[in-house]
Amino acid sequence: MQEDPLPYSFFVDAQELSSTIHEDIIVNQGKSVEEMITITYRPQAVFKVRTVTRCSSSLNGHTEAVLIVSFSPDGSMLATGSGDTTIRIWDLNTETPRHTLTGHTNWVQMLAWSPNAKYLASGSMDKTIRLWDPKAGKALGGELKSHTQLITGLAWEPLHLNAQCNRFASCSKDQSIKVWNAVTRQVLMTMTSHTAPVTCIKWGGSGLLYSASRDKSVRVWDSKDGKLVRVLEGHGHWVNSLAVSSEFLTRTGGWDHTSKKFSTPEEAHLAAVERYNSNKGAGPERLASCSDDFTIFLWNPETSKKPVARMTGHMQLVNHISFSPDGRTLASASFDKSVKLWDGLTGKFIETLRGHVGAVYQVTFSSDSRQVLSGSRDSTLKVWDLKTRKLKMDLPGHADEVYSVDWSPGGDKVASGGKDRVVKM
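(A) Up close: the environment of Q149. Mapping Q149 onto the fold places it in the loop between β13 (144-145) and β14 (151-156). Sequence separation of Q149 and K173 is 24 residues, and the distance between their C-alpha atoms is 5.3 Å. Once residues lying within four places of it in the same chain are set aside, the contact partners of Q149 are K127, S172, K173 and D174.

Put into C-alpha cells, the structure is as follows:
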C-alpha cells in the first residue's frame with residue numbers, strides 16, 4: 001500500500017479528480033481543451049489510520065444483547081451497555097474487563113462519556129440516569145429520577161464551552177429534554193415543546209442544543225437559558241437521528257491522535273478551545289437529520305430554519321447518520337441495506353456503498369476521515385475506503401445482528417456489540 005506524499009484531494013466543479021485531468025475533465029466531463037478550469041484543493045488529515053483487519057479479542061461477560069458500545073474520549077477505555085442491565089468498562093491495553101457497573105433495573109441503551117473522560121452517564125429503560133466514575137468503577141451517588149419514561153438520549157456539554165464539564169442534557173420518551181448539573185445532581189431546566197417522544201439529543205459546539213422527535217420536527221435550544229431558538233420542519237415522518245459537523249471535536253475534547261496527557265483541567269480546557277477553533281472549519285456548524293420518510297435534511301441551525309439540502313435516494317427508513325471528523329462527508333445507514341455518502345457542505349450525493357445483506361444499523365468514521373465503518377443486521381461489520389469508495393475490509397465474527405459500532409478516537413481500535421452478547425474488538 002503506497003502512501004501519498006502530501007495528502008490533498010483535488011476537485012473540479014465539485015467532482016474529485018481520481019486519475020488525470022485529461023481523463024477526468026476533458027473526456028468524462030466533456031470540456032474543451034481551450035476552457036479555463038478551476039481546480040480547488042482541500043488538505044486532508046496528516047495522520048493515517050490503519051485499517052482494522054482482524055478481531056483481536058472477543059469480550060464475553062454480558063448475559064444479554066449488547067446495545068451500545070462507546071470509547072472514552074482519551075481512547076483508553078471502552079464502555080458497553082447491555083440488556084442485562086449492567087455496564088461494563090474494559091481496559092483497552094489488556095483487552096480485559098475492568099469493572100462491572102450494576103444499579104439499573106432494565107436495559108441500558110444510552111451511554112455518554114463526559115469530554116474530560118472523568119464521568120460516564122448511562123440512561124436506561126428504567127427511566128433513570130446514573131453517573132459513574134469509570135476509573136474507580138464506582139457509582140457517583142444514586143439514580144437521577146425526573147423523567148417519567150425511558151431515556152432515549154444523553155449529551156454532555158463540550159469541554160471548550162465549559163472547563164468544569166459538569167452539565168449534560170437528557171431526552172426521553174416523555175417528550176421532554178432536561179439539562180442536569182452532574183455535580184449537584186439537580187435538573188437545571190426542562191424544555192418541553194415537542195408533542196411526541198424525543199429520539200435524539202446533541203449538544204452543538206456553539207452552545208446550542210439540538211433535539212429530534214417523532215413529531216417530525218427538529219428543535220434548536222439555547223443551552224444557557226433553555227429558550228427555543230428555532231424549529232426545523234420538513235420531514236414527513238419520525239426523525240430518528242441527528243449528526244453535528246463538529247461532533248468528533250466536541251466528543252474528544254482536548255485529545256487528538258497524539259494521545260497526550262493533561263495535568264490540570266484548565267490545560268485540557270485550553271487545548272479543547274484551541275483544537276475546536278482550529279479544526280471546526282469555515283462557516284457555521286451544520287446539522288443533519290434523518291428520518292423514517294427515507295430522506296436526510298442538512299441544516300444551518302445557527303442562522304436559518306430553511307434546509308440547505310434535502311437528500312433523497314434511500315429506499316427505506318434511514319436509521320443513523322454521522323459526519324466525518326473533518327465535517328466534509330456525511331454517511332447514512334439505512335434499512336435498505338446500503339450506506340450512502342454525501343457531501344457534508346452542500347448535501348450532494350457522492351456514492352452508494354453496497355455489500356451488506358441485511359439492514360444497516362449504525363455508521364461511524366475513522367478519526368482521519370478516510371474510512372467508514374458500518375454494522376448491520378447481517379452480523380458483519382464492513383470497512384469502506386472513502387478514496388476508492390469500495391469495500392476495504394469485511395469483519396465477520398458475530399453470531400447475530402450487530403447493534404452498535406464505534407471507532408476509537410485514536411483510530412487504532414474498533415468495537416462492536418450485538419445480539420450474540422459478545423463485544424468484539
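Read on, since the account is not over.
(B) Spotlight on unusual backbone geometry. At Q175, a residue that is not glycine, the phi angle is positive and equals roughly 75 degrees. Tracing the sequence through the fold places Q175 in the loop between β15 (167-172) and β16 (177-181). Here S369, not a glycine, exhibits a phi torsion of approximately 60 degrees, which is positive. If you trace the backbone, S369 turns up in the loop between β30 (360-365) and β31 (371-376). Residue class for S369 comes out buried when judged on its relative accessible area of 12%.

(C) Geometry of the sheet that holds strand β27 (residues 329-334). Here four strands make up an open sheet; going across it, the order is β26-β27-β28-β29 and the pairing antiparallel. The two strands at the open ends of the sheet, each matched to only one other strand, are β26 (318-323) and β29 (349-354). Averaged over all adjacent pairs, the angle separating strand axes in this sheet is 20 degrees, with direction ignored. As judged from the five bridges shared by β27 and strand β28 (residues 338-343), these two strands associate in the antiparallel manner. Looking across to β28, one finds that S332 is bridged to K340.

(D) Just helix α3 (residues 265-279), in detail. The end-to-end C-alpha separation of α3 is 21 Å, in line with the 21 Å expected for 15 residues at 1.5 Å each. Along α3, the residues classified as buried are A268, H269, A271, A272, R275 and Y276. For α3, the buried positions fall inside an angular range of 165 degrees around the axis, keeping them on one side. Across from the buried face of α3, at angles greater than 90 degrees, the exposed residues are L270, E274 and S278. Taken together, the buried residues of α3 touch α2 (247-252).

(E) Highlighting the pairing of strand β23 (residues 287-291). Along β23, five of the five residues are buried, which leaves the element largely enclosed by surrounding structure. Two elements, strand β22 (residues 239-244) and β23, share five bridges in a ladder whose sense is antiparallel. Bridging across to β23, V244 finds its partner in L287. Sheet topology places β23 next to strand β24 (residues 296-299); four bridges connect them, and they run antiparallel. Bridge assignment links L287 to a residue of β24, and that residue is W299. Linking β23 back to β24 in an antiparallel pair, the connection comprises four residues, with F294 at a positive phi of about 75 degrees.

(F) Looking closely at a nonpolar patch on the surface. A contiguous nonpolar patch, built from Y8, F10, I21, I39 and Y41 and spanning about 470 Å² of accessible area, is present on the exposed surface. If you trace the backbone, I21 turns up in helix α1 (residues 21-28). Here I21 falls in the partly exposed class, since its relative accessible area comes to 37%.

(G) How the structure looks around the nonpolar core. If you look at the biggest cluster of nonpolar residues, it comprises 13 residues, and the most contacted ones within it are Y210, V218, L232, L242 and L287. Contributing elements (two or more residues each) for this core: β19 (208-213), β20 (217-222), β22 and β24. Look past the residues within four positions of L232 in its chain and what remains in contact with it is S217, V218, V220, L287, W299, P301, S304 and K305.

Conventions adopted
Residues numbered from 1 in each chain as written. Predicted model: local features only at pLDDT ≥ 70, side-chain atom pairs only at ≥ 80, totals over all residues. Heavy atoms only, no water. Helix = DSSP H or I, 4+ residues; strand = E, 2+ residues; numbered from the N terminus. Contact = heavy atoms within 4.5 Å. Buried < 20%, exposed > 50% of the residue type's maximum accessible area, 1.4 Å probe, protein only. Pairing = 2+ DSSP bridges. Axes fitted to C-alpha atoms, helices over the stretch in contact; angles between N-to-C directions. Expected span 1.5 Å × (residues − 1). Arc of directions from axis to C-beta. Patch = residues over 30% accessible without salt bridge, like charges linked within 9 Å, V, L, I, M, F, W, Y side chains within 5 Å. Areas by Shrake-Rupley, 256 points an atom, 1.4 Å probe, with all protein chains shown as cover. Salt bridge = Lys/Arg side-chain N within 4 Å of Asp/Glu carboxyl O. Core = buried A, V, L, I, M, F, W, Y, C linked by side-chain atoms within 4.5 Å.

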